[in-house]
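Examining the three-dimensional arrangement
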Amino acid sequence: MGSEVRIYFFYEKGCFYMIDSIKTNLKAVLETALRTANDLSEVNVVVEEPKRANQGDLSIPVFMIAKTIGKPLPETAAHLQELIRSSDLAPLFSSVAPLGGFLNLSLDKAAVAQGVFRDFEAALSEAKAGEGNGFGSLSIGAGQTVVIDYSSPNIAKPFSVGHLRSTIIGQAIGNLLAKCGFRVVRINHLGDWGTQFGKIIYAYKHFGDEEKVRQNPINELVKLYVEFHEMAKENPAMEDEARRIFNELEQGNPEYLRLWSWFREVSLEDYMKVYELLDVRFDSYNGEAFYNDKMQPVIDQLATQGLLKEDQGAMIVDLGEDLPPALIQKSDGSTLYITRDLAALFFRKREYHFDKALYVVGNEQKLHFEQLKAVVRKMGFPFWKDIEHVNFGLVLQDGKKMSTRKGKVVRLADVLNEAIELSRQTIEDKNPDLEGKAEIARKIGVSAVIFNDLKNYRANDFEFNLEEMVKFEGQTGPYLQYTSVRITSILNADDFHYDGNVDYSLLSQEVFFDIIKAAGDYGKTIERAALEASPSILAKYLLNIASLFNSFYGRERIAVEDLRERRTKEHLIYLVREILDDGMRLLGMKTIERM
RNA sequence: GACCCGAUAGCUCAGCUGGACAGAGCAGCGGCUUCCUAAGCCGUCGGUCGCAGGUUCGAAUCCUGUUCGGGUCGCCA
């Protein structure tokens, strides 16, 4: 087995898997050899990257292995050293030294640097040829389809910062999956059906004003919605009336249908403005109403399978001890969220033949998706396992969930505008002569908001804090853009063109090699971020590589006299910029050339 | 009441398939610009990893209990 491993195995992936490849191959080689030598069925070798500088580039905890194979530590360490020395991987290491219970390996930095640049050049030519998914694309998702449901705002409610999260997290995950070779179907499952329309129609008919709605549709509809809830507190009968209206809407009442259609249209127009600002696109805008005629077959099938039963006048599917029953049909015969989600799911399976169905929806709907999966499972469809709730934390205000019903929401458009305004002021302050200020301010502001959301693990709650959102120093979007812009500026000043003329031996110094190592992790980072549906993994990575560059830039002069050294440095920072720009694009941010 | 999620530096968070002295950013303090953009860099200060047990050679990481915060629990989505 070991002899089949080739030294330059890592180029096969062609997309920045350098460090990961070395680790996994080293692990495989050692495990195979140890198994054979000790006649064991299982030996686990851990290869990790130590945090301390004096501990080498990679290290292997030896005491663990010594215990497994039942030999003394020094003997085991010596054995491992010998195994590494005699393996095909040997040329990659400049030293292998035992220290404490660990075996510390130093990489041959020039060899690794060369490997990373080989990957980089492959990525560049791929991007140039317009192949794959651009720069450094992966193929782990080839032949597989993922449908991803995100944004999905509720019509006639404001586009809140809660929907912002779904929108930008979903967009980034879609980009990441596409990068990995998946066919991605982006679906905006508009909340354009449901009892809320009964409420709004009721409110509109009782105290609405056609002219006002025409003037300022979204705001007015929200006002009606909030007003309805305030009044309904005093007069609960209104809720019943709203449900009755929605039921009639489902039955096809023409007046209600006309109002519904109007509300839907004006709301959608408002959303489109936000999508444009965020540069978000969908493959489908089929909302809940689209499934209006597709629910009965689902209900029929549930009935045929004997899964549906009546309970207190409503139709439910019993999900056993662990989950509360799923309410499929209200006592008045009208449908519910889960009914429409089931219809949508089956439609998506038929239409797109997905291998994975993702739902980028808040934590608060965890139970809903557990129920959805459970119902599909009960119906006997094996693809219940392919349904995944990509949950995200609530947007809190003063530690509490925001509520539309009480009118406590922050409008996304306001947040974006505020961020854009702040970038404009900053530009005015730092670079007043900048050309195309307005456009650049927009790109900085919007990207700042996007990055602020994506940099933290999505499932954690998100305390809404506008000041925090538009901060431009430290771990922020502008920091990444600024880093990229700096590099561009340096390269332009010297009229740099990539020609692959790099002196790898110069890259062995610590300041260079930290960057090389980080670059060599890019592919693995994207893969992890995509498979874990965690854009924050990529976001943190980008912050790290940007910080490495800035640190490098603070210590080393790039425009040095020595041409060989200058070109090598320029190639290195060019590599950093391409990764930064590519990563930012994946997150849905905008890249810029100056700021 | 039941179930789910969270708790790491003053603040915002990484780290969580167990590994060598727990890391960033912000805030504070002290520096850096005759030279590639200071939206930056360097240094410094700062932590009983909520608490208590347990498993382990080794626990922020796994298990149990507990406290606090948030979410959810059939006719909203």
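In this text the structure is predicted, and so the values were computed from the model without any measurement. (Residues numbered from 1 in each chain as written. Chains lettered and ligands numbered in written order. Predicted model: local features only at pLDDT ≥ 70, side-chain atom pairs only at ≥ 80, totals over all residues. Heavy atoms only, no water.)

We now examine the overall build of chain A. Secondary structure summary: chain A contains 21 helices and 13 strands in total. Each principal axis of the C-alpha atoms in chain A carries an extent, and together these give about 80 × 70 × 45 Å. Burial analysis of chain A (595 residues in total) assigns 54% to the buried set. Taken as two groups, the 72 positive and 87 negative side-chain charges of chain A have centres that lie 1 Å from each other. (Helix = DSSP H or I, 4+ residues; strand = E, 2+ residues; numbered from the N terminus. Buried < 20%, exposed > 50% of the residue type's maximum accessible area, 1.4 Å probe, protein only. Lys, Arg positive; Asp, Glu negative; His and termini not counted. Charge placed at Lys NZ, Arg CZ, Asp CG, Glu CD.)

What follows covers the protein's contact with RNA strand B. Lining the immediate environment of RNA strand B, one finds 67 residues, of which Arg-243, Leu-327, Lys-330, Tyr-482 and Ser-489 sit closest. Separating a phosphate oxygen of RNA strand B from a backbone N or O atom of Gly-474 is a distance of 3.1 Å. (Near = heavy atom within 4 Å. Polar contact = N/O pair within 3.5 Å; in protein donor to acceptor, adjacent residues only side chain to side chain.)

Quick look at the packing of aromatic side chains now. Throughout the structure, instances matching the rule amount to 28 aromatic pairs. Judged by centre distance (5.3 Å) and plane angle (90°), the rings of Trp-193 and Trp-260 are edge-to-face. Of this pair, Trp-193 sits in the loop between strand S5 (183-187) and helix H6 (195-207) while Trp-260 sits in helix H10 (residues 254-278), placing them 67 residues apart in sequence. By the burial criterion, Trp-193 is buried, and Trp-260 matches it. On the numbers, 6.3 Å between centres and 85° between planes, the contact of Phe-346 with Phe-383 is edge-to-face. You can see Phe-346 sitting in helix H12 (residues 337-352) and its partner Phe-383 sitting in the loop between helix H13 (366-378) and strand S10 (387-392), a full 37 residues away along the chain. Take Phe-346: its relative accessible area is 10%, and that puts it in the buried class. Here a set of aromatic residues connected by ring pairs shows up, and it is made of Phe-117, Phe-120, Phe-496, Tyr-498, Tyr-504 and Tyr-574. It is Lys-349 that lies over the ring of Phe-354; its NZ or CZ is 4.6 Å from the centre. (Phe/Tyr/Trp six-rings, centres within 6.5 Å; stacked < 30°, edge-to-face > 60°. Lys NZ or Arg CZ within 6 Å of the ring centre and 35° of its normal.)

What follows deals with the sheet that holds strand S1 (residues 58-61). Ordered in space as S1-S3-S2, the three strands form an open sheet in which the pairing is antiparallel. Edge positions in the sheet fall to S1 and strand S2 (93-99), since each of these pairs with one other strand and no more. Each adjacent strand pair in this sheet contributes to an overall mean axis angle of 15°, direction not counted. As paired elements, S1 and strand S3 (residues 102-107) share four bridges and run antiparallel to each other. Of the residues in S3, the one forming a bridge with Ile-60 is Leu-103. (Pairing = 2+ DSSP bridges. Axes fitted to C-alpha atoms, helices over the stretch in contact; angles between N-to-C directions.)

Counting 157 residues, the largest nonpolar core has Ile-60 and Phe-93 as the members making the most contacts within it. If one sorts the elements of this core by residue count, H10 sits on top with eleven residues. For Phe-93, the residues in contact, after removing those within four places along its chain, are Ile-22, Leu-26, Leu-58, Ile-84, Leu-105, Ser-106, Leu-107 and Asp-108. Of all hydrophobic cores here, the second largest spans 35 residues; its members include Tyr-291, Leu-342, Ala-374 and Ile-387. (Core = buried A, V, L, I, M, F, W, Y, C linked by side-chain atoms within 4.5 Å. Contact = heavy atoms within 4.5 Å.)

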